Amino acid sequence: MLYRFISLGFVLMLFGCAQINYYAQAVHGGFTLIADAKPIDDWLSDPNTNIRLKNKLEKAKQIRDFATHELSLPDNHTYKSYTDLKRPYALWNIVATPALSMKPMQWCFPIAGCVNYRGYYNKEEADQFATNLQQEGLDVRVIGVPAYSTLGWLNDPILSTFIHYPEPELARLMFHELAHQIAYAPGDSPFNEAFATMVEEVGVEMWLAKYGDNTHRQIHAEQEGRKRSFLVLLMKYRFLLENNYASSANDDAKLQKKRIIFQQLRDEYQILKSSWGGYTGYDKWFSSPLSNAHLASVATYHDFVPGFRALLAQEKSLPRFYDAVRSLTALDQNARHQQLTMLTSQATQLSLQDAGASKNAYMPSMHAR
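In short, a report on the structure. No experiment lies behind these values; they were computed from the predicted model shown.

One pass over the structure, following the stated rule, counts 1 disulfide. In this model, Cys-108 is linked to Cys-114 through a disulfide, with the two sulfur atoms separated by 1.8 Å. Between Cys-108 and Cys-114 the disulfide shows an S-S torsion of about 95°. By sign, it is right-handed. Here Cys-108 falls in the partly exposed class, since its relative accessible area comes to 47%. Assessed through its relative accessible area of 22%, Cys-114 is described here as partly exposed.

The next subject is the packing of helix α6 (residues 167–179) against helix α7 (residues 189–211). Following both chains from N to C, one finds α6 and α7 inclined at 140°, their axes separated by 8 Å at the closest point. Classified by the angle their axes make, α6 and α7 are oblique. For the crossing formed where α6 meets α7, the hand is right-handed. Between α6 and α7, the contacting residues are Glu-167, Pro-168, Ala-171, Arg-172, Phe-175, His-176 and Ala-179 on the first element and Glu-193, Phe-195, Ala-196, Thr-197, Val-199, Glu-200, Glu-201, Gly-203, Val-204, Trp-207 and Leu-208 on the second. Here the contact of α6 with α7 is built from residues that sort into 10 nonpolar, 3 polar and 5 charged.

With that out of the way, let us pick up α7. Counted at 1.5 Å a residue, the expected span for α7 with its 23 residues is 33 Å, and the 32 Å between its end C-alpha atoms agrees. α7 sits mainly inside the fold: 18 of its 23 residues count as buried.

Cut-off values and rules
- Position labels on residues start from 1 in each chain and follow its written sequence.
- With pLDDT at 70 or above as the cut-off, local features in this predicted model cover only qualifying residues; side-chain atom pairs require 80 or more to be listed or tallied, and sums for whole chains, interfaces and linings still use all residues.
- Side-chain figures throughout are based on the complete set of non-hydrogen atoms in the structure, without hydrogens or water.
- Criterion for a disulfide: a pair of cysteine sulfur atoms at a distance within 2.5 Å.
- Any residue under 20% of the maximum accessible area for its type is buried, any over 50% is exposed, and the rest in between are partly exposed; the area is computed with a 1.4 Å probe on protein chains only.
- Under this scheme, a helix contributes an axis fitted over its contacting stretch, all axes are lines through C-alpha atoms, and angles between N-to-C directions fall in the 0 to 180 degree range.
- Secondary structure is summarised from DSSP: a helix means a run of H or I of at least four residues, a strand means a run of E of at least two, and numbering begins at the N terminus for each.
- Here roughly perpendicular refers to angles of 65 to 115 degrees, roughly parallel to angles under 35, roughly antiparallel to angles over 145, and oblique to all remaining angles.
- Crossing handedness is defined as follows: a turn of the near helix away from the far one that is anticlockwise and smaller than a right angle gives a left-handed crossing, while the clockwise case is right-handed.
- Note on contacts: a residue pair is in contact if any heavy atoms of the two residues lie within 4.5 Å.
- Under the grouping applied here, Gly and all other residues not named as nonpolar or charged are polar, the nonpolar ones being Ala, Val, Leu, Ile, Met, Phe, Trp, Tyr, Cys and Pro and the charged ones Asp, Glu, Lys and Arg.
- To estimate how far a helix should reach, multiply one less than its number of residues by 1.5 Å.

As structure tokens, then:
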């Protein structure tokens, strides 16, 4: 394992002196994360491991087995060990966009290809790079990330940054990161993240159906309802911003309208939050000044989820679905996106037809008029 990290380090350094410091911190940070890991069974047998952590690790083992046997996710050494990082996040990702565009910047790396974010294991270094980008006039957001996938190249451990999540959220994260090992299209973050997001959603639904009680299922349903409402809100304002940036107005007018739109987003969020009885789970999203980078990262994870849902319904089983997704990775990016857009459109039409049939069946008097 150490040899693989050292080899990767030499490969990374071939990409130019300007990047050496960045790649050095990436290699060192990743190596430390893996090197400090111990098998879960060692933690469980250690009398010094506190009982709360032992209970969580037992649950994580159960979730990992479920991922293999029920979701057909990879059966390997990923999430078979545990690392205590003694910090709140595994790393910090930077998302950046132009001031008058929703298109995120991309950074290109070996193996992963080009992605819509740049990661740092050190918060101060992430903040410094973000400041440099802001000084160039870009919209920037620094996002703490509890976990990430090495795509099966290394034995990713369970981390202290997420082990204490509520059970459905722990399962969600593990399913998401394992899904990246199933299919990955280098340079296509919207495809990769939406695929993993869809797998996590289906996985949690199946997990709760098998192991959840009525209370867990009710809490999850409420959380999913709030998430859907929040995403609808964000997509509404992303659309308004895109229309603003595409307008014929001058840049000063666009920037002024941009500020107004973001304030309207904040105001409407307060109304939405009141409908949740004061639920504050999304307040952190608004804790820093809003920018295009906030909405760009949301789009990366969710735009193609309906298309993947439609593909799963078409294939009727997870193994066949995974094969179909792997086939999509062989296409060029435009063709992949066109396929997913078409699947989403077809699913929407079928949903509308079903809704119409149901409406007609239960309200025939509407036609009598």
